Amino acid sequence: MDVTLNALRYVVEVARTRSISKAARNFYFSQPHLSNIIRSVEREVGMPLFCRSSKGMELTETGKKFVAQAQKILKEAEALDEAFSASPAKCVHFGISMTRSYQVLRVITDVLNENDAKERFEVAIRETNPFQVLEDVRAGTSQLGVLHFYDTQEKYFIHYMTAFGLAHSSNYRRRFLLAMSVDSPLARAPVLQSRMLRDKILLTYGDYESPIAPYRFGGFEDGISSRRISVYERSTLTDVLSRCPNTYALVTGFHPHTLQQYGLILRSCADLSLYNVGCVVYPENTEMGPLACTLRQRIQAIDWTERVSG
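Residues numbered from 1 in each chain as written. Predicted model: local features only at pLDDT ≥ 70, side-chain atom pairs only at ≥ 80, totals over all residues. Heavy atoms only, no water.

Caption draft 1: Quick look at the pattern of salt bridges. One pass over the full model with this rule turns up 12 salt bridges. A salt bridge links Lys-64 to Glu-61, with the nearest nitrogen and oxygen atoms 3.4 Å apart. Of this pair, Lys-64 and Glu-61 both sit in helix 4 (residues 61-84), 3 residues apart, which is roughly one turn of that helix. On the basis of relative accessibility, which here comes to 55%, the residue Glu-61 falls in the exposed class. A salt bridge links Arg-126 to Asp-136; its shortest N-O distance comes to 3.3 Å. In this pair, Arg-126 is assigned in strand 4 (residues 120-127) and Asp-136 in helix 6 (residues 130-139), connecting sequence segments 10 residues apart. Here Arg-126 falls in the partly exposed class, since its relative accessible area comes to 25%. (Salt bridge = Lys/Arg side-chain N within 4 Å of Asp/Glu carboxyl O. Helix = DSSP H or I, 4+ residues; strand = E, 2+ residues; numbered from the N terminus. Buried < 20%, exposed > 50% of the residue type's maximum accessible area, 1.4 Å probe, protein only.)

Caption draft 2: Region of the structure containing the pairing of strand 3 (residues 91-98). In terms of residue burial, strand 3 counts as a mostly covered element, since 7 of its 8 residues are buried. With 8 bridges connecting them, strand 3 and strand 4 associate as parallel partners. Pairing of Gly-95 across the sheet is with Ala-124, part of strand 4. Tracing the backbone out of strand 3, into helix 5 (residues 102-115) and back to the parallel element strand 4 gives a crossover that is right-handed. Pairing of strand 3 with strand 5 (residues 144-150), which is carried by 3 bridges, proceeds in the parallel orientation. When the bridges of strand 5 are listed, Ser-97 appears paired with Gly-145. (Pairing = 2+ DSSP bridges. Right-handed = clockwise from strand over helix to strand, strands pointing away.)

Caption draft 3: The packing of helix 1 (residues 5-17) against helix 3 (residues 31-45), seen in detail. Two numbers describe how helix 1 lies on helix 3: the axes approach to 10 Å, and their chain directions differ by 105°. The orientation of helix 1 relative to helix 3 falls into the category roughly perpendicular. Together, Ala-7, Tyr-10, Val-11 and Val-14 of helix 1 and Leu-34, Ile-37, Ile-38 and Val-41 of helix 3 make up the contact between the two elements. Across the contact of helix 1 with helix 3, the residue classes tally to 8 nonpolar, no polar and no charged. (Axes fitted to C-alpha atoms, helices over the stretch in contact; angles between N-to-C directions. Parallel < 35°, antiparallel > 145°, perpendicular 65-115°, else oblique. Contact = heavy atoms within 4.5 Å. Nonpolar A, V, L, I, M, F, W, Y, C, P; charged D, E, K, R; others polar.)

Caption draft 4: Geometry of the packing of aromatic side chains. Taken as a whole and judged by the stated rule, the model has 10 aromatic pairs. Look at Tyr-156 and Phe-157: their rings are 5.0 Å apart centre to centre, the planes differ by 80°, and that puts the pair in the edge-to-face class. Accessibility assignment for this pair places Tyr-156 and Phe-157 in one class, buried. Consider the rings of Tyr-156 and Tyr-160, whose centres lie 6.3 Å apart with planes at 50°: the pair is tilted. A residue pair is termed a helical-turn pair when its members lie 3 or 4 positions apart in one helix, as Tyr-156 and Tyr-160 do in helix 7 (residues 154-163) at 4 residues. Tyr-160 sits in the buried class, given a relative accessible area of 12%. Lying across the ring of Tyr-205, Arg-100 places its NZ or CZ 4.4 Å from the centre. (Phe/Tyr/Trp six-rings, centres within 6.5 Å; stacked < 30°, edge-to-face > 60°. Lys NZ or Arg CZ within 6 Å of the ring centre and 35° of its normal.)

Caption draft 5: Main features of the side chain of Glu-42. With respect to the helices, strands and loops of the structure, Glu-42 is situated in helix 3. Buried and unpaired, Glu-42 has Arg-39 as its nearest opposite-charge partner, separated by 6.8 Å. At a separation of 3.3 Å, a polar atom in the side chain of Glu-42 contacts the main-chain amide nitrogen of Phe-50. Once you skip the residues sitting within four places of it in the chain, Glu-42 turns out to touch Met-47, Pro-48, Leu-49 and Phe-50. (Lys, Arg positive; Asp, Glu negative; His and termini not counted. Polar contact = N/O pair within 3.5 Å; in protein donor to acceptor, adjacent residues only side chain to side chain.)

Caption draft 6: Main features of helix 7. Residues of helix 7 that are buried include every one of Tyr-156, Phe-157, Tyr-160 and Met-161, and no others. For helix 7, the buried positions fall inside an angular range of 125° around the axis, keeping them on one side. Facing away from the buried side of helix 7 by over 90 degrees, the exposed positions are Lys-155, His-159, Thr-162 and Ala-163. Of the surrounding elements, those touching the buried residues of helix 7 are helix 6, strand 5, strand 6 (166-175) and strand 12 (275-283). Where helix 7 terminates, the next one or two residues include Gly-165, which has phi positive at roughly 65°. (Arc of directions from axis to C-beta.)

Caption draft 7: Local environment of the sheet that holds strand 4. What the 5 strands build is an open sheet, ordered 4-3-5-12-6; its pairing is mixed. Each of the sheet's edge strands pairs with one partner strand only, and the pair in question is strand 4 and strand 6. The sheet shows a mean angle of 15° between the axes of neighbouring strands, direction not considered. Against the sheet, helix 6 makes contact with strand 3, strand 4, strand 5, strand 6 and strand 12, and its axis sits at roughly 155° relative to strand 5, the strand it touches most.

What follows is the structure, encoded as structure tokens:
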């Protein structure tokens, strides 16, 4: 049977996600391309590995046996690669998933600059939502995760981490700041009160919420639930804030250059009882490599103080 290691990885990922489309996105493939690969493997095996159901792509009995054997082969191949590759002192092989945060990204790039002369350099940085951060660490796609979430979602995330054997350490807990255009009516108010937000439009990341871990906004849910714009990229957030002065966003902060470039300011709202919580997460009872240890220590040492107007 002529099946490559990469093909085994693709089959295992489809089995894990139960979705061709999700697996394709994770490998930066088109869905038709990955479907063709899976069909090619099935032709080599001589039997179907998957069947479609209401729950997604389900493994057949043959598929279950195939995936179990494929996982063993991939683990052995990884061990072989590590045994005969460059020594740890001469290589960087690391994956990190993080929620959108310029403060964390700056720490990561500083550490990478300190190690960019290594003989082998393979690093994956994924900016995504907190749910995907946890899934990446749980699945071993990333060795370290950094996530931020609303304090009202905290019970869900703590339960998830405990259930899947993920260790975590808190690195941040502060009231949200409000980001807005310098032309916003909110920018000119001497003191910001939460009632002043009711007729404004909230910008949120559309993938930071799920039915099992919803947003709750402490006292003015009705005022903002019907006036909300969901975005999925940091650049979209800053562009909309800059061009739409009737919008605002709840943030941990913005780089001073970003504030200047987009004509934005940060303000505090004293009676807004909504907190942002940050965690560093990693597999429990697993020895962390030197790069992961360095990143974890520096992320936990971040000074989250931001320049606030008013």
